[in-house]
Amino acid sequence: MVKKAQYRIQQMVFMIVAVSFFFILVGVFFLGYQYRTTKSSFEDLQKEQAISFLNVIRNMPEFGYSSKDSYAKGICLDLDKIAIVSSEVNKFSELFPVASIELAIGFKPKRVPCPGNECNYYDVYSSGQEGLIKYDSFVCICKKVSENSYSYDKCELGKLIIGVKE
Amino acid sequence: MRNISKKAEFNFELIFAIFAGSAILILAIYGAVKFGGGIKYQSDSELAKQISIMFDPMQAGFAEGRSSILKFNQETRINNNCLKGGFGTNEISASTNIKGKYTPGAATSVKNKYIFSSAEGGKEYAIFSKQFEIGFKVSDLLLVTSNSYCFVNPPSDIELDIKSFSLDNFKVNNQNCDNSSINVCFQSTKNRRNYIRSCNITVWGSCTNCDNEYKYGYVEKGSNRLNYINNLMYAAVVSDYLLYNCNVKRLLYRTSNLASLYSKKVELMQSRSCFIDLKPELDNFANLTMIASESTKLDSAFIPISMLAEEIKSKNNLGECELW
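Criteria and cut-off values
- Within every chain, residues take consecutive numbers counted from 1 along the sequence as written.
- The naming scheme follows written order: chains are lettered A onward, ligands numbered 1 onward.
- Only residues with pLDDT of at least 70 get local features here, since the model is predicted, and only at 80 or more are side-chain atom pairs given and counted; chain-wide, interface and lining totals rely on the full set of residues.
- Side-chain numbers come from the whole structure's heavy atoms, not from hydrogens or water.
- Criterion for a disulfide: a pair of cysteine sulfur atoms within 2.5 Å.
- Counting from the N terminus, the helices are the DSSP runs of H or I reaching at least four residues and the strands are the DSSP runs of E reaching at least two.
- Between Lys or Arg on one side and Asp or Glu on the other, a salt bridge is scored when a side-chain nitrogen of the former is within 4 Å of a carboxyl oxygen of the latter.
- For every residue, the predictor reports its confidence as pLDDT, a number between 0 and 100.
- Residue contacts are counted whenever heavy atoms from the two residues lie within 4.5 Å of one another.
- Two parts placed together each lose some accessible area under a 1.4 Å probe, and adding up what both lose gives the buried area.
- When accessible area is computed with a 1.4 Å probe and restricted to protein chains, residues below 20% of their type maximum are described as buried, those above 50% as exposed, and intermediate ones as partly exposed.
- For the purposes of this section, nonpolar cores are sets of buried Ala, Val, Leu, Ile, Met, Phe, Trp, Tyr and Cys residues that join through side-chain atoms within 4.5 Å.
- Only Phe, Tyr and Trp rings are paired, with Trp represented by its six-membered ring, and only when their centres lie within 6.5 Å; those with planes under 30 degrees apart are stacked, over 60 edge-to-face, the remainder tilted.
- Multiply 1.5 Å by the residue count of a helix minus one, and that product is the helix's expected span.
- Two strands pair under a simple rule: DSSP has to find at least two bridges between them.
- Axis definition: a line fitted to C-alpha atoms, over the contacting stretch in the case of helices. Angles run 0 to 180 degrees between N-to-C directions.

## Here we look at the state of the cysteines
A covalent bond bridging the sulfur atoms of two cysteines is what the word disulfide describes. Residues and elements named next belong to chain B. Counted by the stated rule, this structure contains eight disulfides over all chains. Between the sulfur of C274 and that of C321 lies a disulfide, 1.8 Å long from S to S. Looking along the S-S bond of the C274-C321 disulfide, the torsion reads about -85°, which is the left-handed sense. Taken together, the positions of C274 in the loop between helix 4 (241-270) and helix 5 (279-294) and C321 in the segment after helix 6 (302-318) put the pair 47 residues apart, joining distant regions of the chain.

Shown next, in the form of structure tokens:
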């Protein structure tokens, strides 16, 4: 009789362990699924933010060309401001919700970093993170120039490259 | 003897099954509740991030302002916490209402936006943006509210502004204003007006030598006085006192940094014979706004700032090579 009772207790313990194990497995699978969903929605949101920032940056007074009555106002980037911000990036870096900002002026295959002679590339901001996904957009870059007492907007085409953490 | 042992056997099994069963049930219920809370926390956190991204296209840019409606399926509270220090930050979190309780999800830090709101919940939020200009454009003010406002006898330019928002919860001069709406009255320091409707908020204009006396002044909300300049008036109407002061200091800090940036731009432009004589004024402006951003009270700071901003703006407009 005692043996039979022991056998039944063993049976129950085995069942409880099996049921618990089953729930743990289901839980692990579900957590894995949730983790993947959260990760992918985080990546989607990061991507959305980067693409959105490509437009926002033109309206940021730290970058945007805002010369009054200019056709370039609100559309183009200000080359002087970019030169200043990239030289004092620690001062402004708090404002950037992305991991890197680069600006290539013109379409020459060789990038010559600015400041420097005939430079065509600004590494405006880099958070130092690795494995970034980069998004780019064509932009116009302008500066105010004066010739023979006549000032005008000198603009050229370039590429703005934004990096977000993968 | 046989009967006794059988009884004992039955009781032990039953007790064991009851204990094990209830332990599994309790664990399952606890797990489900925790898991449900976790899912809610996750979705509220995602919602906060989505809201912060949604604010991007809401920024006015070079337009005067923009407005829109944000609708939720269930009662949601947008919590907005402001932290000072450097450019500062707005920490946005969302909490959906479950059985009358609002438990917020993880907050999203927004450093390059200035979000003014008050802590109320709702299914529908009005969002509108206005430029903040003080000599030059500094940023956009993003105003978020689920309250209804009734503006009583506003000056004509403010009336036009409010009408241009085309928002149902911003009404002018008793135009379908319901009893639950917050009445915003406009008072002049020169001559007091009498209102039939009771005022919940009063805007006092104190710019005596200006075209529009509401260019700067203060907004009275209960016992609090919120000093404003230009479009900050709307932010003062919509926002909580502490949030308003914190965001204004963040804005002044950014103004100071932008003034320094423009001062350096003067040097760069001069190096290619594009002259504008604004450097001393911009350096002074940078100092003045930095001091104001660090001061505890904003009471009298806006008047000298506003005057210098006007001087800088008109000098820039007259210059051969303008800075902005």
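Anyway, onward from the coordinates.
## As for the pattern of salt bridges
Two side chains carrying opposite charge are able to pair once their charged atoms lie near each other. Residues and elements named next belong to chain B. Following the criterion strictly, the structure yields 19 salt bridges over all chains and no others. Across the pair K279 and E267 runs a salt bridge whose closest N-O atoms are separated by 2.8 Å. Here the residue K279 occupies a position in helix 5, and E267 occupies one in helix 4, the gap between them amounting to twelve residues. Two residues, D283 and K279, come together in a salt bridge whose shortest N-O distance is 3.7 Å. One end of the pair, D283, and the other, K279, are both in helix 5, four residues apart, so they sit about a helical turn from each other.

## Here we look at the confidence of the model for chain B
With 92% of its residues at a pLDDT of 70 or more, chain B has an overall mean of 85. Predicted complex metrics record ipTM = 0.82 and pTM = 0.85.

## Re the interface of chain A and chain B
Each side of the interface is counted separately: chain A has 47 residues, and chain B has 45 residues. Summing the contributions of chain A and of chain B, the shared interface buries around 4,300 Å²; its carbon and sulfur component is 62%. Linking chain A to chain B there are five salt bridges. Between D78 of chain A and K265 of chain B there is a salt bridge; the shortest N-O distance is 2.6 Å. The set of elements that each furnish at least two residues to the side of chain A that touches chain B consists of helix 1 (2-59), helix 2 (79-87), helix 3 (89-92) and strand 4 (132-147) of chain A.

## With respect to the environment of V238 of chain B
Residue and element names in this part refer to chain B. Note that V238 resides in helix 3 (residues 232-238). For V238, a relative accessible area of 2% gives the class buried. Sequence spacing of V238 and I201 is 37 residues, and the spatial spacing of their C-alpha atoms is 9.9 Å. The contact partners of V238, leaving out residues within four places of it in the chain, are F116, S117, S118, V144, T145, Y149, F170 and K221.

## Overview of the nonpolar core
All names here are of chain B. Core analysis: the largest hydrophobic core is formed by 62 residues, its most contacted members being L232 and L282. For this core, the element with the highest residue contribution is helix 4, accounting for nine residues. Sequence-distant contacts of L282, that is, excluding residues within four places in its chain, are made with F136, A259, Y262, S263, V266, I312, L323 and W324.

## What about unusual backbone geometry?
With an omega of 0°, the peptide bond running from C114 of chain A to P115 of chain A counts as cis. Among the secondary structure elements, P115 of chain A is positioned in the loop between strand 2 (100-105) and strand 3 (121-126). You will see that E118 of chain A, though not glycine, has its phi angle at about 50°, which is positive. Looking at the element boundaries, E118 of chain A is found in the loop between strand 2 and strand 3. With a phi angle near 60°, S273 of chain B is a residue other than glycine that sits in the positive phi range. Considering the arrangement of structural elements, one finds S273 of chain B in the loop between helix 4 and helix 5.

## Structural notes on the packing of aromatic side chains
All names here are of chain A. By the definition in use, this model includes 24 aromatic pairs over all chains. A centroid spacing of 6.2 Å and a plane angle of 50° characterise the contact between F30 and Y33, whose relative ring orientation is tilted. Here F30 and its partner Y33 are both found in helix 1, three residues apart, which amounts to about one turn of the helix. Its relative accessible area of 36% is what places F30 among the partly exposed residues. We classify Y33 as partly exposed; its relative accessible area is 46%.

## Regarding helix 6 of chain B
Residue and element names in this part refer to chain B. Here helix 6 is 17 residues long and its end C-alpha atoms lie 24 Å apart, about the 24 Å a rise of 1.5 Å per residue gives. Those residues of helix 6 that sit buried are F302, I305, S306, L308, A309, I312 and N316. Those residues of helix 6 that are buried are in contact with strand 6 (121-134), strand 12 (216-221), strand 13 (224-229), helix 3, helix 4 and helix 5.

## What to know about the sheet that holds strand 2 of chain A
Residues and elements named next belong to chain A. Spatial strand order, 1-4-5-2-3: five strands in an open sheet with mixed pairing. Only two strands of the sheet have a single neighbouring strand rather than two, namely strand 1 (77-78) and strand 3. Where strand 2 lies against strand 5 (residues 150-165), six bridges are found, and the strand directions are antiparallel. Each bridged residue has a counterpart across the sheet, and for I105 the counterpart in strand 5 is G158. Along the sheet, helix 2 makes contact with strand 1, strand 2, strand 3 and strand 4, crossing strand 3 at roughly 50°.

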